[in-house]
Amino acid sequence: MERTSPGVLDWLEAVFQAVVVEPLSAVIFFDVCFWDAPGDAGTQVPLVVLWLIGAATFFTLRFGFVNVRAFGHAIACVRGLYTRPGETGEISHFQALSAALSATVGLGNIAGVAVAVGLGGPGAVFWMVVAGALGMSSKFAECTLGQRYRIVRADGHVSGGPMHYLRDGLAELGFVRLGRVLAPVFAVMCIGGSLGGGNMFQANQAYAQLAEVAGPHLPWIAQRPGAVLFGLVMAFFVGLVIVGGIRRIGEVASVLVPIMCVGYVGCGLLILAVNAAAVPDALAILVGEAFHPTAVGGGVVGVMFQGFRRAGFSNEAGIGSSAIAHSAASTEEPVREGMVALLEPFVDTLVVCTTTGLVIVVTGVWRDGETAGIAMTSAAFATVFPWFPLLLSVSAALFAFSTMISWSYYGEQCWVRLFGLGSIGLYKAIFLLFVWLGAIFALEPVVEFSDLMILGMAFPNLVGVLLLSGRVKRDLDDYWARLREGAFPRRGA
């Protein structure tokens, strides 16, 4: 976006960077230094990334690789084969999965992968896949707890998520004071995440793609007036959906998400088919650069960090956000919804992000240091489909839109937890304001704010999930035992 002479909006952006982004970044992205070789300056890795990696690995082992052994049953649950009429909840398993996926399958999959490749090289994609596979177990644990400790609010709507299980679940274990601290801390971070990564980043990159494609033909679109108008239009349409709550969000997401995923991945597979001869070499580059990076500062640890950081932003495993959506699903079996939830990182990271990464590497655009973010992905797809940047502009807007409507619900639930039902209207107004701000701000402060809010949610969330993991394990073992005994007959069986 071209900038005009400095004005109020530029001043507002500078204040946002200095007052909000930089102080919070210093606190949340506390670095741990790894020494790669004698005399090397070392690689700085945020503690939150290590926190996510360690927790995901622990859950995978603790729950006996539930990310693998429960995969088939999870698909059956999404298909409704174990659904019974009259179960408590507001939306179906499929709608809950779609709502959560609409929050994760967004521009993090399109622009975020390109950001990871730009900063960490192609090897970062390999570590994104590893993070996604391990993150399936984190997602299972937190969404099981979200269902287990959900409540029905005074207005009749279901509410669940970390802000509930951190307080009520830890209280059952005797950690009353800890829960009373962690629950509101998570709620504050989640509200910030809904305004940052779930909102501003989406609007920012959707507009960036529009400006890239339409700017040469309509120059004013790539300037400040175009950003202002785009932000207003996006805010208007987001507002039309979020007034209807989780039921409206689930209905819209269940239509948009399958279309977006199939369309985007389908185009990616066509590009890989056209470049089929180069795919084996691309896979070799992804793996080789993961362990022997040649052009990335910081060595293997630096590449791993970029992959896990972007994966955390993309699939949100360990963050706790998806537990809020899955809490609204109609079921009497918390473990069952946890199994449905573990499909999210698989679709989001192992399918969509891997497709993006392979296309970027196969087409060779990653070697061009001049393109970054969504522009890199757009350039990669355009090597085979010259018209794709135009289609990507529409797709980017839809991906951004779907992410924003789901994250508005996450933030709203936490807002209500802190400030009560009477202030929902104020939260929605603030959320729509940040849609507009995301479109007009530069990418760097938006990405930084998005990362620190969303990844920062992992600190309070994973403390609670780790402490409650024993309870999840007992519930999982009990559910598997009853499933083997035939306590849950399949529909049509």
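The rules behind each value
- Residues numbered from 1 in each chain as written.
- Predicted model: local features only at pLDDT ≥ 70, side-chain atom pairs only at ≥ 80, totals over all residues.
- Heavy atoms only, no water.
- Helix = DSSP H or I, 4+ residues; strand = E, 2+ residues; numbered from the N terminus.
- Buried < 20%, exposed > 50% of the residue type's maximum accessible area, 1.4 Å probe, protein only.
- Contact = heavy atoms within 4.5 Å.
- Areas by Shrake-Rupley, 256 points an atom, 1.4 Å probe, with all protein chains shown as cover.
- Lys, Arg positive; Asp, Glu negative; His and termini not counted.
- Salt bridge = Lys/Arg side-chain N within 4 Å of Asp/Glu carboxyl O.
- Polar contact = N/O pair within 3.5 Å; in protein donor to acceptor, adjacent residues only side chain to side chain.
- Axes fitted to C-alpha atoms, helices over the stretch in contact; angles between N-to-C directions.
- Parallel < 35°, antiparallel > 145°, perpendicular 65-115°, else oblique.
- Left-handed = near helix turned anticlockwise from the far one by under 90°.
- Nonpolar A, V, L, I, M, F, W, Y, C, P; charged D, E, K, R; others polar.
- Patch = residues over 30% accessible without salt bridge, like charges linked within 9 Å, V, L, I, M, F, W, Y side chains within 5 Å.
- Phe/Tyr/Trp six-rings, centres within 6.5 Å; stacked < 30°, edge-to-face > 60°.
- Expected span 1.5 Å × (residues − 1).
- Bend = angle between axes of the 7 residues up to and from the residue.
- pLDDT = per-residue confidence, 0-100.

**Regarding the overall build of the protein chain**
For step 1, the next point in the chain: Of the regular secondary structure elements, the protein chain holds 22 helices and 4 strands.
For step 2, the next point in the chain: Counting only residues that meet the buried cut, the protein chain has 59% of its 493 residues in that class.
For step 3, the next point in the chain: Nonlocal contacts in the protein chain, meaning residues at least 24 apart in sequence, comprise 82% of its contacts between residues at least 6 apart.
For step 4, the next point in the chain: Per element, the accessible surface of the protein chain, about 18200 Å² overall, is 68% carbon and sulfur.

**Observations regarding the environment of Glu87**
For step 1, the next point in the chain: Counting through the fold element by element, Glu87 comes out in the loop between α4 (71-78) and α5 (93-104).
For step 2, the next point in the chain: Residue contacts for Glu87: discarding those within four places in its chain leaves Ser330, Thr331, Glu332 and Arg336.

**Comments concerning the side chain of Arg150**
For step 1, the next point in the chain: Tracing the sequence through the fold places Arg150 in the loop between α7 (123-148) and β3 (151-152).
For step 2, the next point in the chain: Buried and unpaired, Arg150 has Glu332 as its nearest opposite-charge partner, separated by 4.8 Å.
For step 3, the next point in the chain: Non-local contacts of Arg150, meaning those with residues more than four positions away in its chain, are made with Thr88, Gly89, Val158, Ser159, Gly160, Ser327, Ala328, Ala329 and Thr331.

**Focus: the pattern of salt bridges**
For step 1, the next point in the chain: For the structure on display, the rule yields 8 salt bridges.
For step 2, the next point in the chain: Here Glu412 ties to Lys428 by a salt bridge, and the two come within 3.8 Å at their closest N and O atoms. Here the residue Glu412 occupies a position in helix α18 (residues 388-419), and Lys428 occupies one in helix α19 (residues 424-440), the gap between them amounting to 16 residues.
For step 3, the next point in the chain: Given the relative accessible area of 8%, Glu412 is considered buried.
For step 4, the next point in the chain: Sharing partners across several salt bridges, the network here consists of Glu333, Asp478 and Arg482.

**Some points on the side chain of Thr331**
For step 1, the next point in the chain: For Thr331, the location among the structural elements is in the loop between α14 (322-326) and α15 (334-341).
For step 2, the next point in the chain: Judged by relative accessible area, Thr331 falls into the buried class, the value being 0%.
For step 3, the next point in the chain: At a separation of 3.1 Å, a polar atom in the side chain of Thr331 contacts the main-chain amide nitrogen of Glu333.
For step 4, the next point in the chain: Discounting residues that sit within four places of it in the chain, Thr331 has contacts with Glu87, Thr88, His93, Gln147, Arg150, Arg336 and Glu337.

**Points about the packing of α18 against α19**
For step 1, the next point in the chain: Between α18 and α19, the shortest axis-to-axis distance is 10 Å and the interhelical angle comes to 140°. The orientation of α18 relative to α19 falls into the category oblique. Crossing hand, α18 versus α19: right-handed. Residues Met404, Trp407, Ser408, Gly411, Glu412, Trp415 and Val416 of α18 form the contact with α19, whose participating residues are Ile424, Leu426, Tyr427, Lys428, Ile430, Phe431 and Val435.
For step 2, the next point in the chain: Classifying every residue of the contact of α18 with α19 gives 10 nonpolar, 2 polar and 2 charged.

**Quick word on a nonpolar patch on the surface**
For step 1, the next point in the chain: Taken together, Leu229, Val233, Phe236, Phe237 and Leu240 make up a surface patch of nonpolar side chains, about 470 Å² in accessible area.
For step 2, the next point in the chain: The topology assignment puts Phe236 in helix α10 (residues 224-242).

**Brief notes about the packing of aromatic side chains**
For step 1, the next point in the chain: Applying the stated criterion across every chain yields a total of 12 aromatic pairs.
For step 2, the next point in the chain: Look at Phe59 and Phe63: their rings are 5.9 Å apart centre to centre, the planes differ by 5°, and that puts the pair in the stacked class. Accessibility classification places Phe59 together with Phe63 in one group, the buried group.
For step 3, the next point in the chain: Taking 4.9 Å as the distance between ring centres and 20° as the angle between the ring planes, the aromatic pair formed by Tyr479 and Phe488 counts as stacked. Phe488 shares its class with Tyr479; the two are buried.
For step 4, the next point in the chain: Each residue in the set Phe58, Phe59, Phe63 and Phe140 is aromatic and connected to the rest through ring pairs, giving one cluster.

**Concerning helix α2 (residues 47-62)**
For step 1, the next point in the chain: For α2, which comprises 16 residues, the first-to-last C-alpha distance of 22 Å matches the rise-based estimate of 22 Å (1.5 Å per residue) to within 8%.
For step 2, the next point in the chain: Listing the buried residues of α2 in full gives Val48, Val49, Leu52, Ile53, Ala55, Ala56, Phe59 and Thr60.
For step 3, the next point in the chain: Where α2 ends, the next residue or the one after it, Gly64, has phi of about 60°, a positive value.

**Let's talk about helix α9 (residues 176-214)**
For step 1, the next point in the chain: Its 39 residues place the ends of α9 55 Å apart at the C-alpha level, agreeing with the 57 Å of an ideal helix rising 1.5 Å per residue.
For step 2, the next point in the chain: Bending of α9 peaks at approximately 40° at the position of Gly193.
For step 3, the next point in the chain: In terms of residue burial, α9 counts as a mostly covered element, since 28 of its 39 residues are buried.

**Notes on unusual backbone geometry**
For step 1, the next point in the chain: Despite not being glycine, Phe65 has its phi angle at roughly 55°, a positive value.
For step 2, the next point in the chain: Structurally, Phe65 is set in the loop between α2 and α3 (66-69).
For step 3, the next point in the chain: For Phe65, a relative accessible area of 44% gives the class partly exposed.

**A look at the confidence of the model for the protein chain**
For step 1, the next point in the chain: Scored by pLDDT, the protein chain has a mean of 78; 78% of the residues are at 70 or more.
For step 2, the next point in the chain: In this model residues 1-6 is a low-confidence stretch, pLDDT under 50, and it forms 16 contacts with partners more than four residues away in sequence or in other chains.

**Things to note about the packing of α4 against α15**
Helix packing for two helices is described by the angle between their axes and how far apart those axes are.
For step 1, the next point in the chain: α15 packs onto α4 with a crossing angle of 100° between their chain directions and a minimal axis gap of 8 Å. Viewed along their axes, α4 and α15 adopt a mutual orientation that is roughly perpendicular. Contacts between α4 and α15 involve His73, Ala74, Cys77 and Val78 from the former and Arg336, Met339 and Val340 from the latter.

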